[in-house]
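Single-letter residue listing:
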Amino acid sequence: MNCRICQSAEVSLSVVTREMMFGLRDEFTYFECAGCGCVQIQNIPANLGRYYPQNYYSFQESGRVERLLKERWAAYSYHGSGMTGSLIAVVLGKNAAIESVKRTGVGFNADILDVGCGNGDLLLLLHSLGFSSLTGVDPFLADDIVYKNGVRVLKKHLGEMAGQFDLIMLHHAFEHMTDPAEILGQAARILRKDGQVVIRVPVAGSDAWRRYGANWAQLDPPRHIVLPTVKSMEILAARTGLRLDRVVFDSTEFQFWGSEQYQLNIPLHDPRSLFPLSKRARFFWRMRKQRQQAKELNARGAGDSACFHFHKV
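Predicted model, so just to flag it, every value in this text is computed and none were measured.

Cut-off values and rules
Residues numbered from 1 in each chain as written. Predicted model: local features only at pLDDT ≥ 70, side-chain atom pairs only at ≥ 80, totals over all residues. Heavy atoms only, no water. Helix = DSSP H or I, 4+ residues; strand = E, 2+ residues; numbered from the N terminus. Rg over C-alpha atoms; globule rule 2.2 N^0.38 Å. Buried < 20%, exposed > 50% of the residue type's maximum accessible area, 1.4 Å probe, protein only. Contact = heavy atoms within 4.5 Å. Areas by Shrake-Rupley, 256 points an atom, 1.4 Å probe, with all protein chains shown as cover. Lys, Arg positive; Asp, Glu negative; His and termini not counted. Charge placed at Lys NZ, Arg CZ, Asp CG, Glu CD. Pairing = 2+ DSSP bridges. Axes fitted to C-alpha atoms, helices over the stretch in contact; angles between N-to-C directions. Parallel < 35°, antiparallel > 145°, perpendicular 65-115°, else oblique. Left-handed = near helix turned anticlockwise from the far one by under 90°. Nonpolar A, V, L, I, M, F, W, Y, C, P; charged D, E, K, R; others polar. Salt bridge = Lys/Arg side-chain N within 4 Å of Asp/Glu carboxyl O.

All right, on to the overall build of the chain then. Across its full length, the chain carries 10 helices and 12 strands. Here the chain has a C-alpha radius of gyration of 19 Å; the compact-globule value for 313 residues is 20 Å, and the two agree. Oriented by its inertia axes, the alpha-carbon framework of the chain measures out at about 45 × 45 × 40 Å. Residue burial in the chain is summarised as follows: out of 313 residues, 54% are buried. Residue pairs in contact within the chain that sit at least 24 positions apart in sequence constitute 68% of those at least 6 positions apart. Carbon and sulfur atoms make up 51% of the accessible area of the chain, which amounts to about 14,100 Å² in all. Put simply, the chain has 37 plus and 31 minus side-chain charges, and the middle of one group is 5 Å from the middle of the other.

Quick look at the structure:
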């Protein structure tokens, strides 16, 4: 089949990989486009909803203590202050999603839309920082959610949204969508003049993709449909009336321990997994070393995830 981004029919590599987040182990073929380098699934399952159960991470609600800790982490990531947040950042690093919003420079009264937002966790953190006009959309929600603080999360597709926004965000949601050009075009349609789009997404062409291949944790079959390269995103920007201004690589140590677990046939949600934060904390020094490796890859533009900043032309 043709590449979903550049339409090239040439394939440079293909792998057969398995669903390993929940350990279903269903097999899927992914191919690397020879034209733009993006990696994508060959055939999309007819029932994708089967792979988004109620315990999927973006649908989980935080308890009161967890919510407070997340808010402290967000405050430190945005303002650089707060003892509790700084301690959390020692273990987890700064919150990359919050940092990406800070880089945009939008004001606290900006109209912000978060696409593929799950239950709106990031929007709630932004509200705790002082942002006031916050909307989210996610078609996999059971129903709309309207929080008491005014944050709205709607059971909709991006194409169903009206109005105008100053900032549209897709934090690890873009790779779940079947038509990347259509999605970016829909974002551009409801973006105000001088508005911005921020897309954080796993990227192909990375060291982890080359190293782990079919066991690369960010393949996440079949939920991840298209994993672009920087070249892929430049092509999409040119097609949709946006300008790619900045790329910030923000990969983490997950590219190592997650992929190595999959090599050992250990799913992410498994008693042996390092997924629970409490278990990873026991291997703090190992994680610290891997976090440093991720930082070095990011500096070289070889990390396995990145944040793309677009402006409306």
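Now that the structure has been shown, the text picks up again.
A separate point is the sheet that holds strand 9 (residues 191–202). Taken in spatial order, the eight strands make up an open sheet running 6-7-5-4-8-9-12-11, and their pairing is mixed. Edge positions in the sheet fall to strand 6 (145–146) and strand 11 (242–249), since each has one partner strand and no second. Strand direction decides the pairing type here: strand 5 (residues 133–137) and strand 7 (residues 152–154), joined by three bridges, are parallel. Residue pairing for strand 7: V137 is matched across the bridge by L154. Taken strand by strand, helix 7 (residues 230–240) contacts strand 9, strand 11 and strand 12 (305–312), and its axis lies near 160° from that of strand 11.

Moving on, we get to the packing of helix 5 (residues 180–189) against helix 7. Remark: helix 5 packs on helix 7, axes separated minimally by 9 Å, with the N-to-C direction vectors making an angle of 50°. Classified by the angle between their axes, helix 5 and helix 7 sit oblique to one another. With respect to the hand of their crossing, helix 5 and helix 7 are arranged in right-handed fashion. Where helix 5 approaches helix 7, its residues P180, A181, L184, G185 and A188 are matched on the opposing element by L236, A237, R239 and T240. Per-class residue counts for the contact of helix 5 with helix 7 are six nonpolar, two polar and one charged.

All right, on to unusual backbone geometry then. With an omega dihedral of -10°, the bond running from P221 to P222 counts as a cis peptide bond. At D194, a position not held by glycine, the phi torsion is positive, near 70°. Unlike most non-glycine residues, N265 shows phi in positive territory, near 65°. Within the fold, N265 resides in the loop between helix 8 (254–263) and helix 9 (277–281).

Scanning all chains against the criterion turns up 15 salt bridges. A salt bridge links E66 to K70; the shortest N-O distance between them is 3.6 Å. Taken together, the residues span about one helical turn, with E66 and K70 both in helix 1 (residues 64–79) at a distance of four residues. The salt bridge involving D270 is made with R272; its shortest N-O contact spans 3.0 Å. Since its relative accessible area comes to 19%, D270 is described here as buried. Each of E66, R67, K70 and D121 takes part in a single network of salt bridges with overlapping partners.

Take the sheet that holds strand 1 (residues 11–18) next. Read across the sheet, four strands follow the order 1-2-3-10 without closing on themselves; strand pairing throughout is antiparallel. At either end of the open sheet lies a strand with only one pairing partner, and these are strand 1 and strand 10 (226–227). Relative to strand 2 (residues 27–33), strand 1 runs antiparallel, the two sharing seven bridges. Looking at the pairing, V11 lines up with C33 of strand 2.

Looking now at the packing of helix 8 against helix 10 (residues 284–299). How two helices pack is summed up by the angle between their axes together with the distance between the axes. Between helix 8 and helix 10, the shortest axis-to-axis distance is 8 Å and the interhelical angle comes to 115°. Across from Q255, F256, W257 and E260 in helix 8, the residues of helix 10 making contact are R286, M287, Q290, Q293, A294 and L297. The class makeup of the residues in the contact of helix 8 with helix 10 is five nonpolar, three polar and two charged.

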